[in-house]
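Chain residues, written in single-letter form:
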Amino acid sequence: MKCKYFLRHVLTQIFCLSCMIVMGKYVISENDSVSLTDCTLNDIRNISALNLDPLEIVVHICHLSELSELPNALFIRFQRLRILEITESGVIGVGDFAFNGLNDLRILNLQRNNISIVKSWSFQNLDSLHTLDLRRNGIVELHKFAFVHYPKLLKLNLAV
């Protein structure tokens, strides 16, 4: 990750161990990856406040079960995002337009949550999405057009 901002440069010089910056709950690596653990929805929203445009966002074991669904357009600001993982975080549902604008998204991993209904979570085609992992969610309903906006989907995991 190139340091675009002075603060980020200073933090890199002080806290960089094996090309990783630790800022509270955020771990920012040199390969443009942001990882969060033990976080809340506000922590996810605050990724954009760090002035980052990551290629990968990994949210693992966070506290999202109080939400009825993952909000619409939560990640829309991240135009370069290629990998999005939200795992073991208690996600119950996903908003109808939660993944709109993620045109470069290639891998979407939502495993080990509490998602019961699978529908198309974008009104636009996600032309780059080739892998969708929904295993261990307790899925009981697949909408008829759930995958219509994922024309290049090659791997779909719905395992129990």
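Residues numbered from 1 in each chain as written. Predicted model: local features only at pLDDT ≥ 70, side-chain atom pairs only at ≥ 80, totals over all residues. Heavy atoms only, no water.

A. Quick look at the state of the cysteines. With the rule as written, the count across this model stands at 1 disulfide. Across the disulfide from Cys39 sits Cys62; the S-S distance is 2.0 Å. Its S-S torsion of about 105° marks the bond between Cys39 and Cys62 as right-handed, since a negative value means left-handed. In this pair, Cys39 is assigned in the loop between strand E3 (33-37) and helix H2 (41-45) and Cys62 in the loop between strand E4 (56-60) and strand E5 (83-87), connecting sequence segments 23 residues apart. (Disulfide = S-S within 2.5 Å. Helix = DSSP H or I, 4+ residues; strand = E, 2+ residues; numbered from the N terminus.)

B. Examining the nonpolar core more closely. Within the largest apolar cluster, 37 residues are counted, with the highest numbers of intra-cluster contacts made by Phe75 and Phe99. Contributing elements (two or more residues each) for this core: E3, H2, E4 and E5. Non-local contacts of Phe99, meaning those with residues more than four positions away in its chain, are made with Leu70, Phe75, Leu84, Val94, Leu108, Leu110, Trp121, Ser122 and Leu126. (Core = buried A, V, L, I, M, F, W, Y, C linked by side-chain atoms within 4.5 Å. Buried < 20%, exposed > 50% of the residue type's maximum accessible area, 1.4 Å probe, protein only. Contact = heavy atoms within 4.5 Å.)

C. Highlighting the side chain of Asn113. Tracing the backbone shows Asn113 in the loop between strand E6 (107-109) and strand E7 (117-118). According to the relative accessible area criterion, Asn113 is buried, its value standing at 4%. Side-chain polar atoms of Asn113 contact the backbone nitrogen of Ser89, separated by 3.0 Å. At 3.0 Å, the side chain of Asn113 and the backbone oxygen of Leu110 are in polar contact. In this structure, Asn113 is in contact with Ile86, Thr87, Glu88, Ser89, Gly90, Val91, Arg136 and Asn137, ignoring residues within four places of it in sequence. (Polar contact = N/O pair within 3.5 Å; in protein donor to acceptor, adjacent residues only side chain to side chain.)

D. Layout of the environment of Gln79. Inspection of the secondary structure assignment puts Gln79 in the loop between E4 and E5. Residues Gln79 and Asp53 lie 26 residues apart in sequence; the distance between their C-alpha atoms is 7.2 Å. Side-chain polar atoms of Gln79 contact the backbone oxygen of Ile76, separated by 2.6 Å.

E. Region of interest: the pattern of salt bridges. Summed over all chains, the structure comprises 4 salt bridges. Put simply, Asp32 and Arg80 hold a salt bridge, and the shortest N to O gap is 2.7 Å. You can see Asp32 sitting in the loop between strand E2 (26-29) and E3 and its partner Arg80 sitting in the loop between E4 and E5, a full 48 residues away along the chain. The class of Asp32 is buried, set by a relative accessible area of 17%. Between Lys119 and Asp96 there is a salt bridge, and its shortest N-O distance comes to 2.8 Å. With Lys119 in the loop between E7 and strand E8 (131-133) and Asp96 in the loop between E5 and E6, the pair connects residues that are 23 residues apart, well separated along the chain. Residue class for Asp96 comes out partly exposed when judged on its relative accessible area of 35%. Through salt bridges with shared partners, a single ionic network connects Asp32, Asp53 and Arg80. (Salt bridge = Lys/Arg side-chain N within 4 Å of Asp/Glu carboxyl O.)

F. Just the pairing of E5, in detail. Bridge count between E4 and E5: 5 bridges; the pairing is parallel. In the sheet register, Val58 faces E5, and the bridge partner there is Glu85. (Pairing = 2+ DSSP bridges.)

G. Up close: the confidence of the model for the protein chain. Summing up the model confidence of the protein chain, the mean pLDDT is 85 and the portion of residues at 70 or higher is 82%. Ignoring residues within four places in sequence, the model shows residues 1-19, a span with pLDDT below 50, making 23 contacts including any to other chains. (pLDDT = per-residue confidence, 0-100.)

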